[in-house]
Amino acid sequence: MNIGGRISGQRLAVLLGSWRRGSRQGAVALASAIELQVLDGHLPIGTQLPAERELADALGASRTLIGAALDRLREAGLVASRRGAGSWITSPSSGGSAPIRSTPDTDDIDFVCASAPAAPGMTAAVDAARRKLVDEFAGTGYGERGLVTLRERIAQRYTDRGLPTSPTQIMITNGAHHAFVLALRMIAGPGDRVLVEQPTYPNALEAIRAAHALPVPVALDRDGWDFEGIEAALRQAAPRLAYLILDFHNPTGLRMDDEGRQRLAALLTKARTPVVVDETLVELDFGNAVAPRPFAAGDWSILVGSSSKSYWGGLRIGWMRASEDLLSRLSSARYGSDLGSPVFEQLVLSELLIDPEPLRRRRETVRTQRDALAAAVREHCPEWTFRFPDGGFWLWCKLPEPMSTRLAVAAASRGVLLAPGSRFAANGGLERWIRLPFSQPPDRLDEAMRRISLAAASVRGEANVVPVT
Ligand SMILES: Cc1ncc(COP(=O)(O)O)c(C=O)c1O
């Protein structure tokens with residue numbers, strides 16, 4: 001039974017990127033590209049697909065090719081169709097016997113999710129938090145702003161970084177993404193525009209679309225932010241909100257310097273545009289340069305932060321920093337979606353924040369992984385280029401030709417799950433780029449690059465090249 005939403009032909013065309021360019025076997029390539037979107041969770045089970053004619057128009061392909069691709073997907077059990085009801089995404093386990101590629105197995109290397117296992121010190125923090133939890137039992141456990149001790153420690157971190165902050169300016173959330181969504185829902189409504197960098201964090205784009213708002217992308221190139229482009233977008237599109245990542249940007253790894261921050265603050269203040277600055281990666285700083293001060297632009301800047309990259313994604317604890325006035329509006333608006341964050345996890349993070357060691361060791365490990373991944377790219381894919389980042393979790397690699405989506409499809413069949421460049425774009429494109437996370441141990445990174453180089457060779461029609469082993 002189909003119980004999902006419907007995806008338009010145009011939206012599906014954007015998701016699919018350049019699946020077809022250069023492909024001799026159009027139907028197979030299209031079926032694989034759709035399968036990749038299903039595996040990535042972009043086409044949930046139950047999603048109603050556009051009619052063949054609409055899809056053919058949107059993709060600029062013949063109906064015969066669309067029909068052949070759908071046949072393949074039906075055979076693989078990924079699509080079901082019924083006369084009069086159209087076609088929808090289904091689960092391979094509910095029927096079908098010939099998958100287009102083998103389902104993910106334990107040997108698959110996940111390069112889509114850029115996250116690491118729990119930081120060292122987590123067990124000790126959990127034990128300490130368990131002892132302190134008893135003291136919380138006398139209270140109700142509710143509190144939309146979060147535990148005072150945790151807010152004090154987070155406020156102190158901002159103050160130490162050069163932005164004096166009181167605990168009354170902090171609200172604890174269930175991760176940085178949750179913090180962004182709360183701000184987005186309060187500030188922007190359906191039809192409103194939200195300025196974003198291009199490329200940007202894909203889940204932020206998802207959230208903007210889910211709020212029925214429209215992303216307004218401003219290109220971010222390898223050298224940094226295009227301030228004239230931002231100024232023009234603020235003037236012409238009059239966005240209700242801006243969402244920017246200034247520290248070890250996802251996916252480029254870039255960091256905006258102090259001068260850039262001042263320039264940006266002046267532009268946003270002049271345009272009176274509220275901004276969410278996502279600082280999720282700020283603590284994964286390998287310490288090669290003096291850190292810029294946190295971004296500040298009057299009463300309408302919201303900084304969001306997270307424990308996910310510094311300590312562990314499973315904690316699901318983040319926060320937002322805003323002026324007291326704005327924060328009280330944000331905390332009231334929160335009642336529309338949730339009633340606060342779990343006390344135990346907040347206690348765990350409070351413990352982690354008083355010990356500098358877990359974060360120091362996390363940075364050391366990730367820096368070693370960055371070096372290992374950079375070496376593996378140079379060895380296995382010497383034509384790829386990238387900027388060496390001073391922090392964060394990924395290399396943003398430029399490919400020798402526009403092939404990111406095809407590379408992701410080919411890599412999946414070799415057991416590496418990749419997020420193609422188009423995932424980081426508001427309206428598709430970025431086919432010359434791929435994001436490679438260095439969130440895994442060096443030997444896994446090397447193995448991933450070995451497999452990716454084979455996938456790249458097959459995409460470029462060089463499957464007969466003997467790989468370096
Ligand atoms: C820029 C950025 N913001 C937010 C998140 C999600 O953060 P959280 O797990 O705290 O919700 C990520 C995760 O990769 C990210 O890269």
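Residues numbered from 1 in each chain as written. Predicted model: local features only at pLDDT ≥ 70, side-chain atom pairs only at ≥ 80, totals over all residues. Heavy atoms only, no water.

A. Region of interest: the sheet that holds strand β5 (residues 193-198). The strand order across the open sheet built from eight strands is β4-β11-β10-β9-β8-β5-β6-β7, with neighbouring strands paired in mixed fashion. Single-partner strands in this sheet number two, and they are β4 (170-173) and β7 (224-225). Helix α11 (residues 324-334) rests against β4, β10 (301-306) and β11 (318-321) of the sheet, and its axis sits at about 25° to β4. (Pairing = 2+ DSSP bridges. Helix = DSSP H or I, 4+ residues; strand = E, 2+ residues; numbered from the N terminus. Contact = heavy atoms within 4.5 Å. Axes fitted to C-alpha atoms, helices over the stretch in contact; angles between N-to-C directions.)

B. Region of interest: a negative patch on the surface. A cluster of acidic residues, Asp221, Asp223, Asp226 and Glu228, forms a negative patch at the surface. Mapped onto the elements, Glu228 comes out in helix α9 (residues 227-237). (Patch = residues over 30% accessible without salt bridge, like charges linked within 9 Å, V, L, I, M, F, W, Y side chains within 5 Å. Areas by Shrake-Rupley, 256 points an atom, 1.4 Å probe, with all protein chains shown as cover. Salt bridge = Lys/Arg side-chain N within 4 Å of Asp/Glu carboxyl O. Lys, Arg positive; Asp, Glu negative; His and termini not counted. Charge placed at Lys NZ, Arg CZ, Asp CG, Glu CD.)

C. Spotlight on the site of the ligand. Taken together, 15 residues are adjacent to the ligand, and Ala176, Asp278, Ser306, Ser308 and Lys309 come closest. Here Asn250 contributes a side-chain N or O atom positioned 2.8 Å from an oxygen atom of the ligand. Protein burial of the ligand: of its 400 Å² of free accessible surface, 92% is covered by the chains. Class assignment of the residues belonging to the shell around the ligand gives a composition of six nonpolar, six polar and three charged. (Near = heavy atom within 4 Å. Polar contact = N/O pair within 3.5 Å; in protein donor to acceptor, adjacent residues only side chain to side chain. Nonpolar A, V, L, I, M, F, W, Y, C, P; charged D, E, K, R; others polar.)

D. The pattern of salt bridges, seen in detail. A full pass over the atoms with the stated rule returns 19 salt bridges. The shortest N-O distance in the salt bridge between Arg360 and Glu364 comes to 2.8 Å. Of this pair, Arg360 and Glu364 are both found in helix α13 (residues 356-380), four residues apart, which corresponds to roughly one turn of the helix. A salt bridge links Glu383 to Arg460, with the nearest nitrogen and oxygen atoms 2.7 Å apart. With a gap of 77 residues between them, Glu383 in the loop between α13 and β12 (394-398) and Arg460 in the segment after α15 (442-459) connect regions that are remote in the sequence. For Arg460, a relative accessible area of 24% gives the class partly exposed. (Buried < 20%, exposed > 50% of the residue type's maximum accessible area, 1.4 Å probe, protein only.)

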